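# Structural features, examined
Chain residues, written in single-letter form:
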Amino acid sequence: MTLHEDATLVLKGYAPEQGAGDQAELRQAYLDHLAQHDDGMWKACGAGHVTASALVIDPEREKVLLTLHRKLRMWLQMGGHCEPQDATLEVAALREATEESGITGLTLLPGGPVRLDRHPIPSPCNWHLDVQYAALAPAGAAERISDESLELRWFGYGDVPEVADASVVRLLEATRSRL
């Protein structure tokens, strides 16, 4: 199975909760994008591409680890572009979270994606169609900054709205409903 096929299956199986806003509409937009673009998983797709991210949660489930993104200069969850070696969206999200947090042994929360978020980004990418997961850090986890970050920091749930944009806050809210 290709990553494109996996993403299509994941999105077909994604069932947003009632009252989840635009999630059903985004799900269909992602599926339409993949149906129209054989290269819709890759950065080279000028119409946009599917990305994978994960919100990293501490073992006590009281804090989240955010990265101060080097290019965007915003506090965000870990995530980014899918790569040819990624067999599934889950693998891509876990790889990105591990690379950007430096934490080994992360585990995704069960139940598949937590949310979808489509956002414009600078050219040549244009649009990210982000499939967002949540990952639990193991006990004793030690974060390590990557080249893509200016800083990594743990934030209590109540502090996230003060530092991050609304998309990260929505991801946190959706994640907390699964914990």
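Quick caveat, the model's predicted, so the values are computed rather than measured.

## Side note on helix α3 (residues 89-101)
- Over its 13 residues, α3 runs 18 Å from end to end, which matches the ideal 18 Å to within 8%, given 1.5 Å per residue.
- Here α3 has its buried residues at Leu89, Ala92, Ala93, Arg95, Glu96, Ala97, Glu100 and Ser101.
- For α3, the elements touching its buried residues are α1 (3-13), β1 (49-57), β2 (63-69), β4 (78-81), β7 (127-136) and β8 (149-156).
- One or two steps after α3, the chain reaches Gly102, where phi turns positive at roughly 75 degrees.

## Notes on the packing of α1 against helix α2 (residues 23-36)
- In contact at an axis separation of 10 Å, α1 and α2 are set at 155 degrees when each is read in the N-to-C sense. Between α1 and α2, the angle falls in the class roughly antiparallel. Viewed along their axes, α1 and α2 form a crossing whose handedness is left-handed. Residue-level inspection shows His4, Ala7, Thr8, Leu11 and Lys12 of α1 in contact with α2, the latter providing Arg27, Tyr30, Leu31 and Leu34.

## Concerning the layout of surface pockets
- Of the voids in this model, the largest pocket is the one considered here, and its volume is about 820 Å³.
- Contributing to the lining of the largest pocket are 34 residues, with His69, Leu72, His81, Ile121 and His128 lying nearest its centre.
- Listing elements by their share of the lining of the largest pocket, those giving two or more residues are β1, β4, α3, β6 (115-120), β7 and α5 (166-176).
- Tallying contributions element by element places β4 first for the lining of the largest pocket, with four residues.
- Per-class residue counts for the lining of the largest pocket are 10 nonpolar, 12 polar and 12 charged.
- By volume, the second largest pocket is sized at about 320 Å³.
- Lining the second largest pocket we find 20 residues, and of these Tyr14, Glu17, Ala20, Val114 and Ala174 sit closest to its centre.
- Within the residue set of the lining of the second largest pocket, elements represented by two or more residues are α1 and α5.
- Top contributing element to the lining of the second largest pocket by residue count: α5, with three residues.
- In terms of residue class, the lining of the second largest pocket is made up of eight nonpolar, six polar and six charged.

The rules behind each value
- Residues numbered from 1 in each chain as written.
- Predicted model: local features only at pLDDT ≥ 70, side-chain atom pairs only at ≥ 80, totals over all residues.
- Heavy atoms only, no water.
- Helix = DSSP H or I, 4+ residues; strand = E, 2+ residues; numbered from the N terminus.
- Expected span 1.5 Å × (residues − 1).
- Buried < 20%, exposed > 50% of the residue type's maximum accessible area, 1.4 Å probe, protein only.
- Contact = heavy atoms within 4.5 Å.
- Axes fitted to C-alpha atoms, helices over the stretch in contact; angles between N-to-C directions.
- Parallel < 35°, antiparallel > 145°, perpendicular 65-115°, else oblique.
- Left-handed = near helix turned anticlockwise from the far one by under 90°.
- 1 Å grid on protein atoms, 1.4 Å probe; cavity = no way out; pocket = protein on both sides within 12 Å on 5 of 7 lines; lining within 4 Å.
- Points joined across faces, edges and corners; volume = space filled by probe spheres on them.
- Nonpolar A, V, L, I, M, F, W, Y, C, P; charged D, E, K, R; others polar.

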